[in-house]
Amino acid sequence: MMNWLMDRLNRFSETHENIDLRLNVTEKLMDVSHGEADIGIRCGQGDWPGVNKTWLMDEEAVLVCSPHLVPSGKMACSEWLATQKLIHDDTPHPGADFPTWNDVLKTVGAPDALESGLHINSTSAVILAALSGRGVAIVRYALVKQLIETGQLVQLHPDHRWPLKWSYYLVTPQQKVMRDEVKVFHDWLLQDVVSDRS
């Protein structure tokens, strides 16, 4: 998500030099409703109290690994996938309906996975493990889209995606009118994402 966001922040700053941005990256839920930030980007079911939310995009899970790991012509091979070390993301995804490895392997026609493999309780560390060739991972697409586009990760079984019940939203305090510069950023980012989808 940082790659996705930083590219947009750079473009925004180029056209809005008079607006200063301060980025606070955290895995904990910022208390936007009580002024910890003017605006936030959250991924979830959208059921957060005390905030206005604007839908940005839906999310889905995909399979990825290092391009050094997958032999030519095996990107959609269930037999090859069944022999790989599987990286398990043990980060909680409450309500997302995040697929298990057994869900994924069943969909692509591969045998069930053992619980062994590499278990990691941080999504960013899961992505780093995939980048370094430690195995194959199930990850949220928005977090790795740029890495796939630049060839740092390969998307396996690209015809299969697993829609999540989480989406990305812009959130602002419910009891506070947006300052002009915050509204400029809010509207610009929303339009930029809409343009990206079309």
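Everything numeric here is computed off the predicted structure, so don't read it as measured data.

## A word on a nonpolar patch on the surface
On the surface, a nonpolar cluster with roughly 250 Å² of combined accessible area is contributed by Met6, Leu23 and Val25. Positionally, Leu23 belongs in the loop between helix H1 (2-15) and strand E1 (40-44).

## Points about helix H4 (residues 123-131)
All buried positions along H4 are accounted for by Thr123, Val126, Ile127, Ala129 and Ala130. Buried residues in H4, looked at end-on, bunch into an arc of 160°, giving them a common side.

## As for the pattern of salt bridges
Counted by the stated rule, this structure contains ten salt bridges. Taking the shortest distance from any N to any O, the salt bridge between Glu59 and Arg140 comes out at 3.9 Å. Of this pair, Glu59 sits in strand E2 (residues 51-65) while Arg140 sits in strand E5 (residues 136-140), and the two are 81 residues apart along the sequence. By relative accessible area, Glu59 is classed as buried at 4%. Residue Arg140 is classed as buried on the basis of its relative accessible area of 13%. We note a salt bridge from Asp187 to Lys183, for which the minimum N-O separation is 2.8 Å. Here the residue Asp187 and the residue Lys183 both occupy positions in helix H6 (residues 180-197), the gap between them amounting to four residues, near one helical turn. According to the relative accessible area criterion, Lys183 is partly exposed, its value standing at 41%.

## A closer look at the packing of aromatic side chains
Ring pairs (aromatic) are described by centroid distance and by the angle formed between their planes. Counted according to the given criterion, the structure contains three aromatic pairs. Ring geometry for Phe12 and Trp188: centres 5.3 Å apart, planes at 70°, overall edge-to-face. Residue Phe12 is located in helix H1, and its partner Trp188 is located in helix H6; the two are separated by 176 residues in the primary sequence. Here Phe12 matches Trp188 in class, with each residue buried. Ring geometry for Trp48 against Tyr169: centres 5.5 Å apart, planes inclined by 85°, an arrangement best described as edge-to-face. Of this pair, Trp48 sits in the loop between E1 and E2 while Tyr169 sits in strand E7 (residues 162-173), placing them 121 residues apart in sequence. Of the residues examined, Trp48 reaches a relative accessible area of 15% and is grouped as buried. On the basis of relative accessible area, Tyr169 is assigned to the buried category, the value being 12%. Site record: aromatic cluster; members linked through ring pairs are Phe12, Phe185 and Trp188. The ring of Tyr141 carries the charged tip of Arg161 above its face, separated from the ring centre by 4.5 Å.

## Here we look at the pairing of E2
In this sheet, E7 lies alongside E2 in antiparallel orientation, the contact comprising nine bridges. Considered in E7, the bridge of Val51 is made with Pro173. Judged from the four bridges that link them, E2 and E5 form a sheet pairing that is antiparallel. Considered in E5, the bridge of Ala61 is made with Arg140. With three bridges connecting them, E2 and strand E6 (residues 154-156) associate as antiparallel partners. Note on E6: the bridge partner recorded for Val64 is Gln155.

What counts as what
- Residues numbered from 1 in each chain as written.
- Predicted model: local features only at pLDDT ≥ 70, side-chain atom pairs only at ≥ 80, totals over all residues.
- Heavy atoms only, no water.
- Patch = residues over 30% accessible without salt bridge, like charges linked within 9 Å, V, L, I, M, F, W, Y side chains within 5 Å.
- Areas by Shrake-Rupley, 256 points an atom, 1.4 Å probe, with all protein chains shown as cover.
- Salt bridge = Lys/Arg side-chain N within 4 Å of Asp/Glu carboxyl O.
- Helix = DSSP H or I, 4+ residues; strand = E, 2+ residues; numbered from the N terminus.
- Buried < 20%, exposed > 50% of the residue type's maximum accessible area, 1.4 Å probe, protein only.
- Arc of directions from axis to C-beta.
- Phe/Tyr/Trp six-rings, centres within 6.5 Å; stacked < 30°, edge-to-face > 60°.
- Lys NZ or Arg CZ within 6 Å of the ring centre and 35° of its normal.
- Pairing = 2+ DSSP bridges.

None of the figures reported here should be taken as evidence of function without further support.
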